[in-house]
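Inside the fold
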Amino acid sequence: MSKKDLWQNLVNYHFENLVPKHLWDDIIAKFQGQNPCTLAFADKLARKLGWKKKFALKAIWEYKKFVFLGVVADFGVTPSKIIDQVWHEHLLFSAGYRLFCQNVIMHDFDHSPELVALEQQTEIFQAQYYRTIQFYINEFGSNPPTDIWGETKFESNLEKSRKEESTITDFNYASGYDGSGSLVSLYDSSGDASNFDFGEGDFGGAGAGDSWGNSTDNSCSDSDGGTSCSSSCGGGCGGD
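What comes next concerns the included structure. Just so it is clear, the model here is predicted, and its values are computed rather than measured.

What counts and how
Residues numbered from 1 in each chain as written. Predicted model: local features only at pLDDT ≥ 70, side-chain atom pairs only at ≥ 80, totals over all residues. Heavy atoms only, no water. Helix = DSSP H or I, 4+ residues; strand = E, 2+ residues; numbered from the N terminus. Contact = heavy atoms within 4.5 Å. Areas by Shrake-Rupley, 256 points an atom, 1.4 Å probe, with all protein chains shown as cover. Phe/Tyr/Trp six-rings, centres within 6.5 Å; stacked < 30°, edge-to-face > 60°. Buried < 20%, exposed > 50% of the residue type's maximum accessible area, 1.4 Å probe, protein only. Lys NZ or Arg CZ within 6 Å of the ring centre and 35° of its normal. Core = buried A, V, L, I, M, F, W, Y, C linked by side-chain atoms within 4.5 Å. Polar contact = N/O pair within 3.5 Å; in protein donor to acceptor, adjacent residues only side chain to side chain. Salt bridge = Lys/Arg side-chain N within 4 Å of Asp/Glu carboxyl O. Arc of directions from axis to C-beta.

Description of the overall build of the chain
In terms of helices and strands, the chain carries 11 helices and zero strands. Secondary structure of the chain in N-to-C order comes out as α-α-α-α-α-α-α-α-α-α-α. Counting contacts in the chain only where the partners sit at least 6 residues apart, residues at least 24 apart contribute 75% of the total. Surface exposure of the chain reaches about 11,100 Å², of which carbon and sulfur atoms provide 46%.

Structure below.
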């Protein structure tokens, strides 16, 4: 499978395998958008984590990018806290997640959290996070959004990570994936649309602008007097 094929699989994946068959009609009736199962998953994230609905959809979109990076990279990738929260919730649907790995990304994408907080291990995960950010920029042709990628469990921030490994230009790719061109360059060279921002393309119709939620509301909630966007960072990859 090529990088473009993998990305299209992720774009076209709408979490259908998380919904039991007997609930299909109920989900379709409740979430009247182009992709009701994605909306249902985003609704679960919003309710459980205190996020606004569009923020949950944006986090799902960026999670798909993280999965892409994790599959094509021949090195460990580490998510931000927000990305890790989405990953945790996806993993809870164990049967659906297993089918996702088998049929969508065709790769065992395991979560390997930090067992004991050791300084040496934390440093490794921090370095992986820096490298993940640079790999993101390389593949998608833009900086990752700060509201999704800016917070980690490490003593670092997104701006530092951009500078820390800014000299990296070569990346190791997993077997079967061509490293001769970034994902964005493959789209540009073929004349296809190459906008990977949230709200564009097929995924934009998944709820970013329908009646399910406030399409202009893309922040975390602060109903308790503080921003509710924190969680344990994890990842096959590092974290809790």
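Remarks on the packing of aromatic side chains
What the rule picks out here adds up to 24 aromatic pairs. With a centroid separation of 4.9 Å and an interplanar angle of 25°, the aromatic rings of W87 and F109 are classed as stacked. You can see W87 sitting in helix α5 (residues 81-92) and its partner F109 sitting in the loop between α6 (94-104) and α7 (119-140), a full 22 residues away along the chain. Exposure class is identical for W87 and F109. Each is buried. Put simply, the rings of W7, W61, F66, F68, W87, F109, Y136, F140, W149, Y187 and F196 touch in pairs and so form one group of aromatic residues. Sitting above the plane of the F140 ring, K65 keeps its charged end 5.1 Å from the centroid. Directly above the ring of F75 sits R131, whose terminal nitrogen or CZ lies 4.8 Å from the centroid.

Let's talk about the nonpolar core
With 62 residues, the main nonpolar core has W7, L10, W51, F68, F100 and I105 as its most contacted residues. Those elements that provide at least two residues to this core are α1 (3-11), α3 (36-49), α4 (53-72), α5, α6, α7, α8 (146-149) and α10 (183-190). It is α4 that provides the largest number of residues to this core, a total of 13 residues.

A word on unusual backbone geometry
Within the chain, F15 stands out as a residue other than glycine whose phi angle is a positive 65°. Along the chain, F15 turns up in the loop between α1 and α2 (24-30). With relative accessibility at 0%, the residue F15 sits in the buried group. For M106, which is not a glycine, the phi torsion comes out positive at approximately 50°. Residue M106 is classed as exposed on the basis of its relative accessible area, which comes to 53%.

Observations regarding the environment of D147
Tracing the chain through its elements places D147 in helix α8. Measuring from C-alpha to C-alpha, the distance between D147 and K58 comes to 9.6 Å, with 89 residues separating the pair along the chain. Within polar-contact distance, the side chain of D147 engages the side chain of K58 at 3.0 Å.

Quick notes on the environment of G96
Here G96 lies in helix α6. Taking the C-alpha atoms as reference points, G96 and N17, 79 residues apart in sequence, are found 5.0 Å from one another. Non-local contacts of G96, meaning those with residues more than four positions away in its chain, are made with Y13, N17 and L18.

Structural notes on the pattern of salt bridges
In total, this model carries seven salt bridges according to the counting rule given. A salt bridge links K65 to E62; its shortest N-O distance comes to 3.3 Å. Highlighted residues: K65 and E62, both in helix α4, separated by three residues, approximately one helical turn. A relative accessible area of 2% places E62 in the buried class. A cluster of three or more residues bridged by salt bridges with shared partners is formed by K44, K48 and E89.

Section: the environment of N195
Summarising the element assignment, N195 is placed in the loop between α10 and α11 (201-204). In the structure, N195 is positioned 54 residues away from G141 in sequence and 9.2 Å away in space, judged by C-alpha atoms.

Overview of α6
Where α6 is concerned, the buried positions are G96, Y97, F100, C101 and V104. The buried residues of α6 occupy one face: seen down the axis, they fall within an arc of 140°. Buried residues in α6 make contact with α1, α4 and α5. Two residues or fewer past α6, M106 is found with a positive phi of approximately 50°.

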